[in-house]
Each structure stands twice: as C-alpha cells, then as structure tokens.
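# Working through the structure, step by step
What follows is each chain in one-letter form.
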Amino acid sequence: MNTDRYTPVVFVSSTCYDLKQVREDLKDFFETNYGFQAMLSEFDSFPVDPCIGTFENCLNNVDKSADIFILIIGTRYGYVTESGKSITNLEYLHAKAKGVPIFVFVDKQLHSQLKIWEANKEGEFSATVDNPQIFKFVSEIYNEPKQWIYTYESVRDITTTMKHQLSLIFSDGLKYNKISHTLQPYVLDSDIPVDAKRVLIEKPYAWEYKFLAYVVKGEFDKLQKHRWNFKYGIFTTHIVNLNSTELLDGISIKLNEIIKLNGILDTLLNWTIQDAMGLPGVPSDLEMIVYVSKQFALLYERVIAWALYFKTLHTDDVFKQLLQLLYELPKSMLARIDDFVNRMYMEITNLPDVEDNIKREIKLSCVLDEANTDAINEEMERLYKLLC
C-alpha cells in the first residue's frame, strides 16, 4: 500500500471581490468533482501562519502546498505591493519558480484590449481596467515561451478547460505509474529533470538520446555555483600553509591527479556513454545513462576543486606566478566540456518529436587534450634555480 498518497492541492489565484462567485464555483468544482483541496485565501480552510502578514501567507502557501496553480486574470489588477507588482503577479512568479502545472485564464474583454494597449500604452483604459499595469502583467505572460493562456467569459469556460487538462494530467500519471513498474527504481528515484521523465512517458522520436541530453544538462545545471567559484577564485576550505619544499614536492602529485582526471573524463565521453546508449536497434541502459551523467558532473566538480586548491595555499610571494598557472591549468578543459554539454543538449533536443523521414547527422565530440604543463615546468625550473 502506498502511504505517500495525499490529496492534491489546487491554488486559485485572482483578485477576490470582483471574482468572488467564480472563485466559489471553482472551489466547489475541484472539491466536489475531484476530491482535491482547493486553496483560496478568503476561506477558513486557507492555512495561516499568524507570525507573518496576509500577503506573505499567500506566497508561503504557493511555495509549500500548491500542486496545481490556477491564475484567473479579470479586469482588476488588485493590491500593489512594495515591489510594484500585485499579489496575484507575485503568486504566479512563485508558482513558476516552483515548477508546478500553471493554467492561466484571461478575461475576454481584457484580452480584446491588449493589442490596443500595446499600440498605445499611454491611452485611457479606465473603462476596462482599474490599473493599466494589468496589461503589462498579461503581456509578460504571453511572451513566456512555455506558458499557454486561455480566455474566458464565464466560470463554465474555465471548468470545461480544466476537465480536459486534468484528464491529460491523469493520463500522464497512469503512464508514469506504468513505467515506474517496468523501469529500475534507480532511474525514477535519481532526481532526473522533468523533461527527462516526460521523454520516458511519451517516448518521442530519438527518445533515448533526448533522455541522455536532458539528464546530462540537468546535472550540469546544478554546477553553476561551482563555475562561479572557479571564475572568481572563491573557496570555502581552510587556508593551507606550505613551505617552499612542501609546495614543490607536492606539485608533481597534483599534476598526476589532473592527468588522471582528464583520462577518466575521456573514458566517460568516448566509451562509457556509448556503452550506455548501446548499438543501433538495441535498447539503451537507462540506469547506466543516469550513472554516467552523474559521474560526468562529479568529475567536472572535482576538476574545479583541484584548481581551487591552489587558491587555498599560503606560501612565499615568489610562488605567486606558479600558483596562478596551476589554478588556470584546467580552464580550457572545463570550457570544452561546457561547450560539449550545451551542443549535445541543443542538437539532440531540437530533433522533432515525430519522425519525419528526414536524414539528420549529429556529430558530437569533445577532445580533452592532455594538460599542457610547459609553462608550469618552466616556472618550476626557474624557482629551483632561484631557491637552490
């Protein structure tokens, strides 16, 4: 028995007073027909933290509880916060950041005036809206590439649309449940991106390659803070004090380490990934794809840690140039890996989801040349002569 099941929460975001009946009808629609918990701020069932204000409570409930977010935009913009945005605007941004399904419904009268406002933003629109800022809000949503917008005249338009959309969500859930019983648990429990899970469910054209691209990109997207650390030389470990002898003796060990890391990365890119994908006509090993992707990102992180080690060293100023050369040694390697990951993601995910019988050839390579240590060796020779 699955003890993790719980009642889905639908957060309904809109101005309250002008859409009071619409909100009440939607609460009844979701709770009576589907058994969902409809979260609306004017009802007693709305969770309240007494230590924070009304507006903070709304955002807090979006962040903590919303599984589905319904945004209804009428002709009132509503209360404007200190940020210059309305509460509904901020609730929408929080739902977007959380990554839950978002359904946006725009009043047809407002929608019909949008083009007129875009052509004359200083015009008079008080007969339609209480604040022209609402046009800017709607326009921004329309410009979002992945956000679908519906128009409505009555609550029936909203409920009819949601019946269809909920049936699709339910259908995807059944498909996901089906594959969860056929795939290795490791694949679904390994924090793979939403797009990778979608590929597993829908199995579009070249889906195994798309799965690889989404998983690798997802792992590398998590490394942005490490890239910033490398770019600015930021480290969080302790300072290491070394004398001249300790420093020079330890450098050969560190150079051997980066050469070995380079070799492991080369093996992952040129052999392990190919083994995971398998030969044409042979099913890919999805668990191995996840494994390779995580190891690839982990090794990239280790290379950055290797470089940042030289920022932690405290020694004589005469070694300053040598430490900088060592710190910058993997810069080219990291840049090539980033370029490879981005090219692979773009070229593979841009493939159509339906086979169109057009022959396409994607050539991806990432040549990691052995680290060039000539400048480092020259500087070490100079230092040996200077110190001996």
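Residues numbered from 1 in each chain as written. Predicted model: local features only at pLDDT ≥ 70, side-chain atom pairs only at ≥ 80, totals over all residues. Heavy atoms only, no water.

### A closer look at the pattern of salt bridges
Under the defined criterion, the tally for this structure stands at 16 salt bridges. A salt bridge links Arg23 to Glu42; the nearest nitrogen and oxygen atoms lie 2.7 Å apart. Separated by 19 residues along the polypeptide, Arg23 in helix 1 (residues 20-34) and Glu42 in the loop between strand 2 (37-39) and helix 2 (54-65) bring together distant segments of the chain. Overall, Glu42 belongs to the partly exposed group, its relative accessible area being 37%. For Glu118, the salt bridge goes to Lys115, with nearest N and O atoms at 3.8 Å. Here Glu118 pairs with Lys115, and both are found in helix 4 (residues 108-119), just 3 residues apart, close to one helical turn. By relative accessible area, which is 34% here, Glu118 ends up partly exposed. When its relative accessible area of 63% is taken as the criterion, Lys115 is described as exposed. When salt bridges with common partners are traced through the structure, they connect Glu219, Lys222 and Lys294 into a single cluster. (Salt bridge = Lys/Arg side-chain N within 4 Å of Asp/Glu carboxyl O. Helix = DSSP H or I, 4+ residues; strand = E, 2+ residues; numbered from the N terminus. Buried < 20%, exposed > 50% of the residue type's maximum accessible area, 1.4 Å probe, protein only.)

### Topic: the sheet that holds strand 2
Here 5 strands make up an open sheet; going across it, the order is 2-1-3-4-5 and the pairing parallel. Taken across any chain shown, the strands that pair with only one partner, and hence form the sheet edges, are strand 2 and strand 5 (149-152). Averaged over all pairs of adjacent strands, the angle between their axes in this sheet comes to 25°, without regard to strand direction. Two strands pair when backbone bridges link them, and strand 1 (residues 9-13) and strand 3 (residues 68-73) are joined in this way by 4 bridges, in the parallel orientation. (Pairing = 2+ DSSP bridges. Axes fitted to C-alpha atoms, helices over the stretch in contact; angles between N-to-C directions.)

### Describing the packing of helix 11 (residues 244-277) against helix 13 (residues 320-328)
For the pair helix 11 and helix 13, the least separation of the axes is 13 Å and the interaxial angle reads 10°. The pairing of helix 11 with helix 13 is recorded here as roughly parallel in orientation. For the pair formed by helix 11 and helix 13, the contact residues are Leu247, Leu248, Ile251 and Leu255 on the first element and Leu322, Leu323 and Leu326 on the second. When grouped by side-chain class, the residues that make up the contact of helix 11 with helix 13 number 7 nonpolar, no polar and no charged. (Parallel < 35°, antiparallel > 145°, perpendicular 65-115°, else oblique. Contact = heavy atoms within 4.5 Å. Nonpolar A, V, L, I, M, F, W, Y, C, P; charged D, E, K, R; others polar.)

### Quick notes on the packing of helix 11 against helix 12 (residues 286-309)
It is the contact of helix 11 with helix 12, at a shortest axis distance of 10 Å, that shows an interaxial angle of 165°. The angle between the axes of helix 11 and helix 12 places the two elements in the roughly antiparallel class. In this structure, helix 11 crosses over helix 12, and the sense of that crossing is left-handed. Split by residue class, the contact of helix 11 with helix 12 holds 18 nonpolar, 2 polar and 4 charged. (Left-handed = near helix turned anticlockwise from the far one by under 90°.)

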